[in-house]
Amino acid sequence: MIEVKNLVKRFGGFTALDNLSFNVEKGSVYGLVGPNGAGKSTVIRHLTGIYRQDSGEVLIDGQSVYENPEIKQRIAYIPDEIFFFIQASTRDMMNFYRGIYPRFDTKLYEKLGKIFEFDEKRPMRQLSKGMQKQSAFRLAVSMRPDVLILDEPVDGLDPVMRRQVWSIIMNDVSERGTTVLVSSHNLRELEDVCDHVGILHNGRLLLQRSLSELQDNIAKVQLVLPEGKTLPEDFGAIHQSSSGRVLTLIMRGSNEHISQKVAALNPIFFDLVPLTLEEIFIYELGGVDYEVREILL
Amino acid sequence: MKSAKSCFNKALFFKNIKRLWPVWVLYNIAWLIGMPLVLLGQLSEPFPDFIHEYVLGNALYMGVIMNAIYGFVSALTLFSYLYTSRSVGAFHTLPIRREGLFLTCFLSGLCWLFASNIFIFALSAIIELAYDVLVIKYLLEWLAMVCLEGLFFYGFAVFCAFLTGNGFAHLVIYGILNFIVVIIELIVRFCSSLFCYGLSVSGSTNLDVFSPIYMLFRNTRTLVTSLGDASYNGWNTLFIYAAAGLVFAALALLLYRRRQSESASEFIAVPALRPFFLYFFAFIGSLVIGIIFYLAIFASSASNPPDNSAWALLICMIAGGFIGYFITAMLLNKSFRVFKKTGPGFIAYALVLSALVTAVEFDVFKVERYIPRLDSVESLRVSGFSEPMVFDDPEVISKLMLAHKAIIDNKSANEAYASNNRTAYYDSLHVSLQYNLKNGKIVSRRYDLYDQPGVDREVLKLLEEKLNTPAAVSDRMSPYLELNSNLVTTIEINYIDSKNGIEAPFQTEYLAGEKAREFLRDYLKADILEGNLGRVPVLFEEGSENAYYDCFIVINYSRKGEGTGLSDSSATIVPNLSSKKTMAYLKGLGIEPRVSDYQYKMGYYMDYMEYQYRMP
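Summarised in this report is the structure supplied together with it. Just so it is clear, the structure is predicted and the values come from calculations on it, not from any experiment. (Residues numbered from 1 in each chain as written. Chains lettered and ligands numbered in written order. Predicted model: local features only at pLDDT ≥ 70, side-chain atom pairs only at ≥ 80, totals over all residues. Heavy atoms only, no water.)

### With respect to the overall build of chain B
Applied cut-off: Each helix is a run of DSSP H or I of at least 4 residues and each strand a run of E of at least 2, with the numbering of both proceeding from the N terminus. What makes two residues a contact is simply this: any of their non-hydrogen atoms within 4.5 Å. Values of accessible area rely on a 1.4 Å probe in the Shrake-Rupley scheme; residue burial ignores everything except the protein chains shown.
When you go through chain B residue by residue, the secondary structure sums to 21 helices and ten strands. Within chain B, contacts between residues at least 6 apart in sequence are counted, and of these 74% link residues at least 24 apart. Total accessible area on chain B is roughly 28000 Å²; 64% of this is exposed by carbon and sulfur atoms.

### Focus: unusual backbone geometry
All names here are of chain A. Even without glycine at this site, Asn 6 takes up a positive phi of about 50°. Summarising the element assignment, Asn 6 is placed in strand β1 (residues 2-11). Here Glu 67, not a glycine, exhibits a phi torsion of approximately 55°, which is positive. Along the chain, the position of Glu 67 falls in the loop between β5 (63-64) and α2 (69-72).

### Here we look at the pairing of strand β8 (residues 179-183) of chain A
Residues and elements named next belong to chain A. For clarity, the threshold we go by: We call a residue buried when its accessible area falls under 20% of the maximum for its residue type, exposed when it is over 50%, and partly exposed in between, using a 1.4 Å probe and counting protein chains only. We treat two strands as partners when DSSP finds at least two bridges between them. The handedness of a crossover follows from its direction of travel: if, with the strands pointing away from the viewer, the path from the first strand over the helix to the second runs clockwise, the crossover is right-handed.
With five of its five residues buried, β8 lies for the most part within the structure. Side chains Thr 179, Leu 181 and Ser 183 project from β8 onto one buried face, and the interleaved Val 180 and Val 182 project onto a second face that is buried too. Taken together, the four bridges between strand β3 (residues 29-33) and β8 define a ladder with parallel strand orientation. Residue Tyr 30 lies in a different strand from β8, and its bridge partner there is Leu 181. Both strand β7 (residues 147-151) and β8 contribute to a ladder of five bridges, which runs parallel. Residue pairing for β8: Leu 148 is matched across the bridge by Val 180. Traced from β7 through helix α6 (residues 159-176) to β8, the parallel crossover comes out right-handed.

### Some thoughts on the pattern of salt bridges
Residues and elements named next belong to chain A. Stated precisely, the cut-off is as follows: Between Lys or Arg on one side and Asp or Glu on the other, a salt bridge is scored when a side-chain nitrogen of the former is within 4 Å of a carboxyl oxygen of the latter.
Evaluation of the coordinates by the stated rule reveals 36 salt bridges over all chains. For Arg 138, the salt bridge is made with Glu 120, and the minimal N-O distance between the two is 3.6 Å. You can see Arg 138 sitting in helix α5 (residues 129-142) and its partner Glu 120 sitting in the loop between α4 (106-112) and α5, a full 18 residues away along the chain. A relative accessible area of 15% places Glu 120 in the buried class. Taken together, the shared-partner salt bridges in this structure form one network comprising Asp 61, Arg 74, Arg 103, Asp 105, Arg 144, Asp 146, Asp 172 and Arg 176.

### What about the environment of Leu 148 of chain A?
Residues and elements named next belong to chain A. Looking at where Leu 148 falls in the secondary structure, it is placed in strand β7. Between the C-alpha atoms of Leu 148 and Asp 172, which are 24 residues apart in sequence, the distance is 10.0 Å. Residues in contact with Leu 148, not counting those within four places in the same chain, are Ala 76, Ala 140, Ile 169, Thr 178, Thr 179, Val 180 and Leu 181.

### What to know about the packing of aromatic side chains
Note the following rule: Two aromatic rings from Phe, Tyr or Trp, using only the six-membered ring of Trp, form a pair when their centres are within 6.5 Å; if the ring planes differ by under 30 degrees the pair is stacked, by over 60 it is edge-to-face, and anything between is tilted. The rule for a charge over a ring is simple: NZ of Lys or CZ of Arg within 6 Å of the ring centre, and within 35 degrees of the ring normal.
Tallied over the entire structure, the rule returns 54 aromatic pairs over all chains. Centroid distance Phe 267 of chain B to Phe 281 of chain B: 6.5 Å. Interplanar angle 65°. Geometry classified as edge-to-face. Highlighted residues: Phe 267 of chain B in the loop between α9 (235-258) and α10 (274-297) and Phe 281 of chain B in helix α10, separated in sequence by 14 residues. A cation over an aromatic ring shows up here: Lys 261 of chain A above the ring of Phe 235 of chain A, its NZ or CZ 5.2 Å from the ring centre.

### Description of the packing of α10 of chain B against helix α12 (residues 339-361) of chain B
Residues and elements named next belong to chain B. To keep things clear, this is the line we draw: Angles here are taken between N-to-C directions and fall from 0 to 180 degrees, while the axes themselves are lines fitted to C-alpha atoms, restricted in helices to the stretch in contact. In this scheme, roughly parallel covers angles under 35 degrees and roughly antiparallel covers those over 145, while 65 to 115 is roughly perpendicular and the rest are oblique. Should the near helix be turned counterclockwise from the far one by less than a right angle, the crossing is left-handed, whereas a clockwise turn marks it as right-handed. Only Asp, Glu, Lys and Arg are considered charged in this grouping, and only Ala, Val, Leu, Ile, Met, Phe, Trp, Tyr, Cys and Pro are considered nonpolar; every other residue, Gly among them, is considered polar.
The contact between α10 and α12 brings their axes to 11 Å, and the two run at 50°. One element, α10, and the other, α12, form an angle in the oblique class. Helix-helix and strand crossings are classified by hand; for α10 and α12 the assignment is right-handed. Taking contact as the criterion, the partners of Tyr 279, Ala 282, Phe 283 and Ser 286 in α10 are, on α12, Gly 345, Tyr 349 and Leu 353. The class makeup of the residues in the contact of α10 with α12 is five nonpolar, two polar and no charged.

### Section: the environment of Leu 110 of chain B
All names here are of chain B. Within the element layout of this structure, Leu 110 appears in helix α5 (residues 98-130). Between the C-alpha atoms of Leu 110 and Ala 264, which are 154 residues apart in sequence, the distance is 24 Å. Not counting residues up to four positions away in its chain, the partners in contact with Leu 110 are Leu 151 and Tyr 154.

### Overview of the sheet that holds strand β7 (residues 488-495) of chain B
All names here are of chain B. Read from one edge of the open sheet, four strands run β8-β7-β9-β10, paired in antiparallel fashion. A strand with exactly one partner marks an edge of an open sheet, and here the two such strands are β8 (507-512) and β10 (570-573). Averaged over all neighbouring strand pairs, the angle between strand axes comes to 20°, with direction disregarded. One ladder, built from six bridges, connects β7 with β8; its direction is antiparallel. Residue pairing for β8: Thr 490 is matched across the bridge by Ala 512. Sitting on the sheet, helix α19 (residues 513-529) touches β7, β8, β9 (551-557) and β10, and the angle it makes with β7 is about 65°.

What follows is the structure in structure tokens.
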């Protein structure tokens, strides 16, 4: 559905996206994660046709997005900062978008009003950030998009509304096969909804896998070695720490492979714990010297 | 596959119309006050004269100002979405091509403009109709004028919107580009003689066209042809500007197609143009701020510059350029830390400016010493001593060129005197030489010369001598010589009697018929032919043969016969002390005028009047 091929974008002398390539399958929910300044928003602005790439291709259904109204009317985008006309209410914006997006579903818009309970005639500038986000969701979903692109989508929403929003999105994905690309720093939340994840760093994709593949390929090991025995230097842990006699290792590989390797040390005790997406993010970026690792740990 | 049907979007059009109503309401209110209500007031008067002239004048003067403001405000509000990343993102995410966004927004502004003008036109027509003075032609001309003006200013403002990346820059660039050429012209006129001895930039140049508000005000007029009737003479100019407005709009669209969304909030949105604007504003800073510094620091008045005025001005221009350059660099880089990065550029600019000023000061381009070739000169106009004199005899011109060369050779003494005497300006004679070349070009020079020994006295004497050779006098006075004596009807002799005191009034004697013709033929013309009448006193020297009498001889003649070169039905001659035959005749009539002590000042006064007249 979404194909990004060798995408390059420079701002002056700074290369924001460096030969970036990735794919998002139709009907999947793709999480784009990465540290600040990695290039996530830049990717999204290419996917929505805001930015023109210096080189490479940004395709949806095999067609270039930039200056392509047919494709763009199938995309709904919720940015981190919601745009609205200065005097406009949610209803005004609905009337505007209804005239622009041919697939805009007024009935759905009215129906969603029961979930997003705020005054749709109140100027949007008077709404809180969370309410503006709700308004944007209501409008975006009503556009009946094939591709939904979300930048920090639930930032500012309360926990109940977060669940509501994700529920609406996941319902759309299952019923209509909507493709969702979401960029967020809230990795725990992404873990619940994404089936694929791409980690972006310095304008390059560090890795792109399904969440299950990702979790199968790295694990946390807690073990206690016999008295006097130490961990060999070339054991291959990408990170290790200790608390008393309990060692905690982060190791790459399948659970079976790691279990065999650890068992060979004849530990008194050992256990394999699956990593959360947040931990994966931290350890993967640790491999490229991302300094935040120590802070988070 | 890209859409072929997305050049106009109805939803966006109506959204624009709806959300920007305050701009258009204000525009209409201003016009309501300026047109229908004023018309109503004027028509309520018992004798509403010049109503049609008012309509056209209103379209020109109020129209230019209103459209200049409306054009900018509309362009700013309609295209301000380009100026923040949030709004540019929202607009560029819409399934509308850039062309569609542009045309829809552009037409929104234009439709409101035209609709408002038609509304005001209709209201004015109703009022005129109610008072039974409706002449639809004038109101239609009003409508056409304001629409054409609007088309230009709006198109130009839209172009500026696409050059810039934020509202402040839009305002600055639009404002500056509307006036910059005329401002630069004014400053260059001011500075030119400081850098280049004698250089004079006078009259309007073809570059005025690039300062539209100034151009529309100055070069087009509403004319009252008879009571209650009026016409407008600037249609060609207006049509050209309106066409230019459309060209600007087309250029704006081209810029939009290449514009990067990420240029939102930048000062200049087109990266390739940023260096140009950096040095452009440095140059503007050098001219405007530099001149202000120069006037404030080095000159108690611009007329009394220090000896090294060009160098003092150069220092000020570098300082002004420094301010212009680094403020622009800060705006372009959105940072105060620009000195290290852009400093070398400024050093290069300062070096180029210094080299240029040095080259001009030392006349590397041979501007100061330039005197046109004799065979290329059609005529030479000299002014500064009395009314302007025009010579076309090559022999006379060649002699005056020698005087011109002497003035140039005397530059050092002249400048030294000017810088050491604070009252020099008030003692100076402003001498202008204007060569009209055969190829249609004009070479103008203007010098402040000082009647002081060791300064310019010798030069002025030489000039006086060359201006008063018999050939020069008869060349300049040739229209009088060509005047057929038979056309003369009367001659008035206005004079102050030499026996009367200082405050004595002028007395008048008349000659008519054959006596008048004889006076012209046998006395006045004879003196002119000998070079004794029509002389020009340059220096005030008691007893000088060139000095004037307090006597004005006015020759009235009929226009039958024509061909004299005199432009009126009368001509005035002031006799010199050398006009022996004329004065002998007058003595025979009992007229003995006193010798004037005002010729020097009169010359200054005439020069001053001429200067005032020439001023734009």
